Amino acid sequence: MALTRRVELVPLELTSSGNALFSQAQPSDETLIADLAPHQPVSLFCHRRQTDQLILLRGSLELVVLEGGRLVLIPLREDEPMLVRIPPGVPHGAVNSSRHYATVVNAVLRHGPPDPRDYKPRPLPHGLQAQWRDLMGEPVPAGHQVPASAGDRPSHSAPGRG
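Visitor: Can you lay out the overall build of the chain for me, pointing to particular residues and giving the numbers?
Guide: Summing up its helical and strand segments, the chain has 1 helix and 10 strands in all. Ordered by position from N to C terminus, the α and β elements of the chain give β-β-β-β-β-β-β-β-β-β-α. Counting across all 162 residues of the chain, residues that qualify as buried make up 38%. The contacts in the chain between residues at least 6 apart in sequence include a share of 80% that link residues at least 24 apart. Roughly 9600 Å² of accessible area belongs to the chain as shown, and the carbon and sulfur atoms make up 52% of that amount.

As structure tokens, this is what we get:
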């Protein structure tokens, strides 16, 4: 698989068997399950030799991705099954603004040994702090203006969806 620096959004096809719904298995080197508590501070992380393949199992959250010099929000909802593939080198984090825990599975693809810096928060570039405050719903300090394009939604498209 050739590595890309763009986040991919792939709708999951679900199949039903009795009382269960199944999604297609994702290849992985390691599978992690995380419960994200509501209203926790958000940080960006960047994996150097790892592709995250995220599927939200329960709840709702927004992924924040730094892509092309812009912060992008990717909303995830349990009733809209989606795989989000985040390649190495793309800073990202998650916002759970609901009142309930959100459960995510990550089918990790390794492209080399883990780097100890992978889960350490990355500082936000100064030029993106106003957009960050807008995305997080934080008040803008007096005398500062938020760019009109802050809060953009993703322009990504899933294969076959234009």
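Visitor: Please provide a residue-by-residue account of the sheet that holds strand β4 (residues 30–36), values included.
Guide: Ordered by their spatial adjacency, 5 strands build an open sheet running β1-β8-β5-β10-β4, and the pairing between neighbours is antiparallel. Each edge of the open sheet is held by one strand with a lone partner, namely β1 (8–11) and β4. Averaged over all pairs of adjacent strands, the angle between their axes in this sheet comes to 25°, without regard to strand direction. Here 4 bridges tie strand β5 (residues 50–58) to strand β8 (residues 82–86), and the two strands are oriented antiparallel to one another. The partner of leucine 54 across the bridge, within β8, is valine 84.

Visitor: Which residues make up the sheet that holds strand β6 (residues 60–67), and what are the values?
Guide: Ordered in space as β7-β6-β9, the 3 strands form an open sheet in which the pairing is antiparallel. In this open sheet, the two strands that pair with only one neighbour each are β7 (70–77) and β9 (92–95). The mean inter-strand angle of the sheet, taken between neighbouring strand axes irrespective of direction, is 25°.

Visitor: Which residues make up the nonpolar core, and what are the values?
Guide: In this structure, Val7, Leu61, Leu63, Ile74, Leu76, Val84 and Ile86 are the most contacted members of the largest nonpolar core, which totals 16 residues. Listed by contribution, the elements that provide at least two residues to this core are β5, β6, β7, β8 and β10 (102–110). Beyond its immediate sequence surroundings of up to four residues, leucine 61 is in contact with Leu36, Leu56, Ile74, Pro75, Leu76, Arg77, Ala94, Val95, Asn96, Ala102 and Val104.

Visitor: Could you give an account of unusual backbone geometry, with specific residues and numbers?
Guide: Even without being a glycine, histidine 39 presents a positive backbone phi close to 55°. For histidine 39, the position within the fold is in the loop between β4 and β5.

Conventions used here
Residues numbered from 1 in each chain as written. Predicted model: local features only at pLDDT ≥ 70, side-chain atom pairs only at ≥ 80, totals over all residues. Heavy atoms only, no water. Helix = DSSP H or I, 4+ residues; strand = E, 2+ residues; numbered from the N terminus. Buried < 20%, exposed > 50% of the residue type's maximum accessible area, 1.4 Å probe, protein only. Contact = heavy atoms within 4.5 Å. Areas by Shrake-Rupley, 256 points an atom, 1.4 Å probe, with all protein chains shown as cover. Pairing = 2+ DSSP bridges. Axes fitted to C-alpha atoms, helices over the stretch in contact; angles between N-to-C directions. Core = buried A, V, L, I, M, F, W, Y, C linked by side-chain atoms within 4.5 Å.

Function-wise, these values are silent; they only describe arrangement.
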